[in-house]
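Coordinate analysis (summary)
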Amino acid sequence: MDFDLTCEQKRIREMCRKFATEVIAPRAEEMERTGEYPYDIITQMASLGIMGIPFPKEYGGGEGDWVSMHLCIEEISRGDVSLGALLDVTTSVAGNEIYSFGTEEQKQKWLIPLAQGKEIGAFGLTEPDAGSDTAALKTTAALEGEEWVINGSKQFITNTGLDNASIIIITAKTRVEQSGRTTISTLIVPKGTPGFTLGERYEKMAFHASATHEVFFDDCRIPKGYLLGDIYEGLAQHLSVLQTGRISVAAISTGLAQACLDEALTYTTKKYQFRQSLLESQTIPFKLADIAMMIELSRTIYLKAAWLKDQGRDYTLEAHFAKLFATETAKKIASDVLNMYGLFGCLEKYPISRYFKVAKLFEIVEGTSEMQRLVIARKLLG
Amino acid sequence: MEFNLSEEQIDIQKAAREFAQGEFDPDEASDYDRNGQFPLKILKKACHLGFIGVHFPNRYGGQDLGLLENILVVEEFCRQHSGIGVALGLSDFGSEMILRFGSEDQKKRYLPPIAKGESVSSLAYMEEDQTDGFSFFSTLAIRSGDGYLINGKKIFVVNGTLSGSMIVLCQLNKARSEDQVALIVEKNGDKPVLSMMGGQIGMRMVPMVSLTYNDIKVPQGNLIGEEGEGRSQFVNFLNEMRIEAAAMGVGIAQGAFDLALTYARQRVQFGQKIASFEAIRNKLADMVTRIEIARSLTYKAAWDFDRNGGNILLNYMAKMVSAETAFEVADDAVHIFGGYGYIVENQIEHFYRDARMVNVFGESGQTQRLLIADRIIGKI
């Protein structure tokens, strides 16, 4: 057993922490308030090689591992979660899917710019009637000659609205077998393809800097070669990269929870400076102790899941544990810290108000807590 | 024992529910929420039908009823829309200081416009660095001529942008900490300097402001009660307010629950209504049970206030349980909506935000637990 990070992992974590503290955190309030995406920050992240950490050099990557990638996601999210989510979708999900299932040509064409951070990827699974029930999708893709013709829609698509979003990887029904079973496949749709349109940007409770849209496909034609991976395994492929995404959401939530603790320590020590020493009371110090403990547990389990992935081992259970625990924990921590602030915590100029509103999101995205429990239970019961 | 509401109370509840259902337009509400704007138009209609100040005597524009009747209205309003409900509920904020302790002249002057919706009332009490209750204010009232001069700063003032006249709690001279006064600062007199406190996560239709008082002159006739009574009046007011805030919590929880239940019965996933899944059924059962507990405790506190003048322990408990229930239920409700719950248009996320802010409005549960403990443990 070895719980120490390697020199390289430590270097990446330190680099990201410094970047988040110096560059991201000072801009976070403005990003949330204006909903404007910080393209300059993305460019800087790209030049640090952050988006490509786990991919090989030949694809524009950093030859690192998934542990490093997730340490990075945690630190970036400590500065701002919408940037953490960008890494999740671009690297852990979209980039990962092309890397894992794409042809050499597809990797050259799409993975390299994603890994270099020059382009941003998006991932489309959810539809109006297919939320947790991912297989209930209605979007279709029919092969006509050398082209797929796509019709349907996807919703809650993170990052699709960004100027530098290049592709969206979607699932669609590609054929109906004689048995009546439908085949679900994965397709890469470049933004700007005729017949591909963005709906209105969603007005969300928070997470404003992340441009989330519904997307529509109306006789949208893409070349036959944009099918990703095995035509029969589209849903399985899509769900398998979401497994990595779960580790990422856990890392985002851990970074968010850590940011809450940072706030709590600053605020409570300041508030009690001229009063009884904070340590003489128990209510808040005990809460702080619980918070620190929960964060360490969140971090440990997401790192274990990432390590298992790096070892090429099954990490299903750990990914679900991590996603479930870290997201529920972050929501609770954000709420507890807001309590310490009292009414001040409800003012949007204080970071804790932002942390509170956004924490709830991660319990829902990439599989609600119920879906995590369902998978864990099924795994236990065989 | 009698757990039934009276016929009159049921009528009031029903009338409030129908009014809210008919008048609280969701799109309009989202606009008010987005813009941090008080729903004055709706307030006027509510006042016209007698829903505001139901606990004021008839001669001051009220219905001559008690706190229980007042909170039945507040609950129904919050149930229909957490933002509008809270705003209307707080439109008479602080008026009880005058209702319970003011002179006949003060009541006649200030209460009827509040009940008519011509004036939205306010009470300025919070200050910076005030961590141990309200035992001392740094805002000072100094006797001067035939009145007082106020100097100091108040924060988180409710309705500060709209308020006609406003009650301000001050320390009298530099005397003992108990020596506090409640003074009415009139809208036509000297004005404090107002600044907005900034965007809020919830209760957005009630924008909070800070007010700085520089030698603000108040005539003697605007003192509520006697010098030195400010503190006890305020404690009494907070008691009543906690019960009203508890009712807001109950209403918010019920409103969020109503929407989640409807949604769970309609939404199909995996070929079934999601209400048929045990994970959702368990949640709904917990939600409705928590609401019943919060409501029972809140009604009991209100009943006790009307009958016996109030039991502080019950008030703390009611506010703590109801506000925490509101948040937990709203949280579960958003969760049942899934991704849809996070989108403003679906009208559930505001319950989550409003519940959280109502939770820390007044005292947070953290403080209330310690206050309850103080009461039950006593000196040791």
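Quick note: structure is the one above.
These figures come from a predicted structure and were not determined experimentally.

Concerning the overall build of chain B
Tallying secondary structure elements over chain B gives 12 helices and nine strands in all. Computed over C-alpha atoms, the radius of gyration of chain B comes to 21 Å, within 12% of the 21 Å expected from 2.2 N^0.38 for 380 residues, which places it in the range of a compact globule. Dimensions of chain B along its principal axes, counting C-alpha atoms only, are 80 × 50 × 40 Å. Looking at chain B residue by residue over its 380 residues, the buried ones come to 59%.

So, the nonpolar core
Met45(A), Ile76(A), Leu87(A), Phe77(B), Leu90(B) and Phe361(B) are the most contacted members of the largest nonpolar core, which totals 217 residues. With 15 residues, helix α8 (residues 230-266) of chain B is the largest single contributor of residues to this core. Counting residues in each nonpolar core, the second largest holds 18 residues, with Ala124(B), Ala141(B), Val168(B) and Val218(B) among its members.

Considering the packing of α8(B) against helix α9 (residues 278-308) of chain B
All names here are of chain B. Contact pair α8 / α9: the axes reach a minimum separation of 9 Å and the direction vectors enclose 155°. Classed by the angle they form, the pair α8 and α9 counts as roughly antiparallel. Between α8 and α9 lies a crossing whose hand is left-handed. Contacts between α8 and α9 involve Glu240, Ile243, Ala246, Ala247, Val250, Ala253, Gln254, Phe257, Ala260, Leu261 and Ala264 from the first element and Ile280, Leu284, Met287, Val288, Ile291, Ala294, Arg295, Thr298, Ala301, Ala302 and Phe305 from the second. Its residues assigned to classes, the contact of α8 with α9 comprises 18 nonpolar, two polar and two charged.

Quick notes on the environment of Asp40(A)
In this fold, Asp40(A) is placed in helix α2 (residues 39-47). Along the backbone, Asp40(A) and Asn159(A) are 119 residues apart, and their C-alpha atoms lie at a distance of 16 Å.

Section: the packing of α8(B) against helix α10 (residues 312-337) of chain B
All names here are of chain B. Two elements in contact, α8 and α10, have axes separated by 8 Å at closest approach and are oriented at 20°. Here α8 lies roughly parallel to α10, going by the angle between them. The way α8 lies across α10 gives a crossing that is left-handed. Of the residues that constitute the contact of α8 with α10, the class distribution is 21 nonpolar, five polar and two charged.

Topic: the environment of Met340(A)
By the element assignment, Met340(A) lies in helix α8 (residues 316-341). Separated by 56 residues in the primary sequence, Met340(A) and Ile284(A) place their C-alpha atoms 7.6 Å from one another. Those residues in contact with Met340(A), other than ones at most four positions away along the chain, are Ala264(A), Tyr267(A), Thr268(A), Lys271(A), Ile284(A), Lys287(A), Leu288(A), Ile291(A) and Gln366(B).

Considerations on the interface of chain B and chain A
A common way to state how big an interface is: give the accessible area lost once the parts meet. Facing the 41 residues of chain B at the interface are 43 residues of chain A. Buried surface at the junction of chain B and chain A, both sides included, amounts to about 3800 Å², of which 62% is carbon and sulfur. It is His335(B), Tyr342(B) and Gln366(B) that lose the most area in chain B upon contact with chain A, and together they represent 21% of the buried surface on that side. For the pair chain B and chain A, the interface holds five salt bridges. Salt-bridge contacts for Asp331(B) lead to Lys360(A); the nearest nitrogen and oxygen are separated by 2.6 Å. Inspection of the region where chain B meets chain A yields 22 residue pairs in polar contact (both at pLDDT 80 or more). Among the elements of the structure, β3 (147-157), β8 (268-269), α9, α10, α11 (349-360) and α12 (365-377) of chain B are those that each provide at least two residues to the side of chain B that touches chain A. Per-element tally for the side of chain B that touches chain A: the top contributor is α11(B), with seven residues. Of the residues in the side of chain B that touches chain A, the class split is 19 nonpolar, 12 polar and 10 charged.

Some words on the pattern of salt bridges
Within the structure shown, the criterion is met by 49 salt bridges over all chains. Across the pair Lys357(A) and Glu348(A) runs a salt bridge whose closest N-O atoms are separated by 2.9 Å. A relative accessible area of 4% places Lys357(A) in the buried class. Ionic pairing is found between Glu227(B) and Arg143(B), a salt bridge with its closest N-O pair at 2.6 Å. Placement of Glu227(B) in the loop between β7 (209-219) and α8 and of Arg143(B) in strand β2 (residues 140-144) is noted, with a sequence separation of 84 residues between them. One salt-bridge network, held together by shared partners, links Glu348(A), Lys357(A), Asp33(B), Arg204(B), Glu349(B) and Arg353(B).

Topic: the state of the cysteines
Taken as a whole, this structure holds zero disulfides over all chains when the rule is applied. As a non-bridged cysteine, Cys16(A) has Cys72(A) as the owner of its nearest cysteine sulfur, 3.5 Å distant.

Some thoughts on helix α4 (residues 81-101) of chain A
All names here are of chain A. Between its terminal C-alpha atoms α4 stretches 28 Å, which fits the 30 Å expected from 21 residues at 1.5 Å a residue. A maximum bend of about 35° is found in α4 at Gly95. Most of α4 sits out of view: 18 of its 21 residues are buried.

Quick word on unusual backbone geometry
All names here are of chain A. One non-glycine residue, Phe207, lies in the positive phi region at around 65°. Residue placement: Phe207 occurs in the loop between β6 (196-201) and β7 (213-223). Phi is positive for Asp219, which is not a glycine, with a value near 45°. Inspection of the secondary structure assignment puts Asp219 in strand β7. Judged by relative accessible area, Asp219 falls into the partly exposed class, the value being 46%.

Thoughts on the side chain of Ser68(A)
Residue and element names in this part refer to chain A. With respect to the element layout, Ser68 can be found in helix α3 (residues 66-79). On the basis of relative accessibility, which here comes to 2%, the residue Ser68 falls in the buried class. Contact partners of Ser68, with chain neighbours within four places excluded, come to Gln9, Ile12 and Ile53.

Digging into the environment of Asp146(B)
Residues and elements named next belong to chain B. The topology assignment puts Asp146 in the loop between β2 and β3. Remark: the alpha-carbon pair of Asp146 and Leu88, spanning 58 residues in sequence, is separated by 36 Å. Sequence-distant contacts of Asp146, defined by excluding residues within four places in its chain, comprise Pro219 and Gln220.

Here we look at the pairing of strand β2 (residues 140-144) of chain A
All names here are of chain A. Of the strand pairs in this sheet, β2 and strand β3 (residues 147-157) are connected by five bridges, and their pairing is antiparallel. The residue of β3 that forms the bridge with Ala141 is Ile150. Adjacent in sequence and paired antiparallel, β2 and β3 are bridged by two residues, among which Gly145 carries a positive phi angle near 65°.

Here's the deal with the packing of aromatic side chains
Under the criterion given, the structure shown has 30 aromatic pairs over all chains. Between Phe55(A) and Tyr99(A), the ring centres sit 5.5 Å apart and the planes meet at 55°, which makes this aromatic pair tilted. Note that Phe55(A) is positioned in the loop between α2 and α3 and Tyr99(A) in helix α4, a separation of 44 residues in sequence. With relative accessibility at 30%, the residue Tyr99(A) sits in the partly exposed group. Note on Trp110(A) and Tyr226(A): the rings are 4.7 Å apart at their centroids and 85° apart in plane angle, and the pair reads as edge-to-face. Here Trp110(A), found in helix α5 (residues 104-115), pairs with Tyr226(A), found in the loop between β7 and β8 (227-228); they are 116 residues apart in sequence, far enough to count as distant. The pair formed by Trp110(A) and Tyr226(A) is uniform in burial state, with each residue classed as buried. Through a chain of ring-to-ring contacts, three or more aromatic side chains come together here, namely Phe93(B), Tyr125(B), Phe137(B), Phe234(B), Phe237(B) and Phe361(B).

Calculation notes
- Residues numbered from 1 in each chain as written.
- Chains lettered and ligands numbered in written order.
- Predicted model: local features only at pLDDT ≥ 70, side-chain atom pairs only at ≥ 80, totals over all residues.
- Heavy atoms only, no water.
- Helix = DSSP H or I, 4+ residues; strand = E, 2+ residues; numbered from the N terminus.
- Rg over C-alpha atoms; globule rule 2.2 N^0.38 Å.
- Buried < 20%, exposed > 50% of the residue type's maximum accessible area, 1.4 Å probe, protein only.
- Core = buried A, V, L, I, M, F, W, Y, C linked by side-chain atoms within 4.5 Å.
- Axes fitted to C-alpha atoms, helices over the stretch in contact; angles between N-to-C directions.
- Parallel < 35°, antiparallel > 145°, perpendicular 65-115°, else oblique.
- Left-handed = near helix turned anticlockwise from the far one by under 90°.
- Contact = heavy atoms within 4.5 Å.
- Nonpolar A, V, L, I, M, F, W, Y, C, P; charged D, E, K, R; others polar.
- Buried area = accessible area lost by both parts, 1.4 Å probe.
- Salt bridge = Lys/Arg side-chain N within 4 Å of Asp/Glu carboxyl O.
- Polar contact = N/O pair within 3.5 Å; in protein donor to acceptor, adjacent residues only side chain to side chain.
- Disulfide = S-S within 2.5 Å.
- Expected span 1.5 Å × (residues − 1).
- Bend = angle between axes of the 7 residues up to and from the residue.
- Pairing = 2+ DSSP bridges.
- Phe/Tyr/Trp six-rings, centres within 6.5 Å; stacked < 30°, edge-to-face > 60°.

Keep in mind that these numbers describe shape and distance, not what the molecule does.
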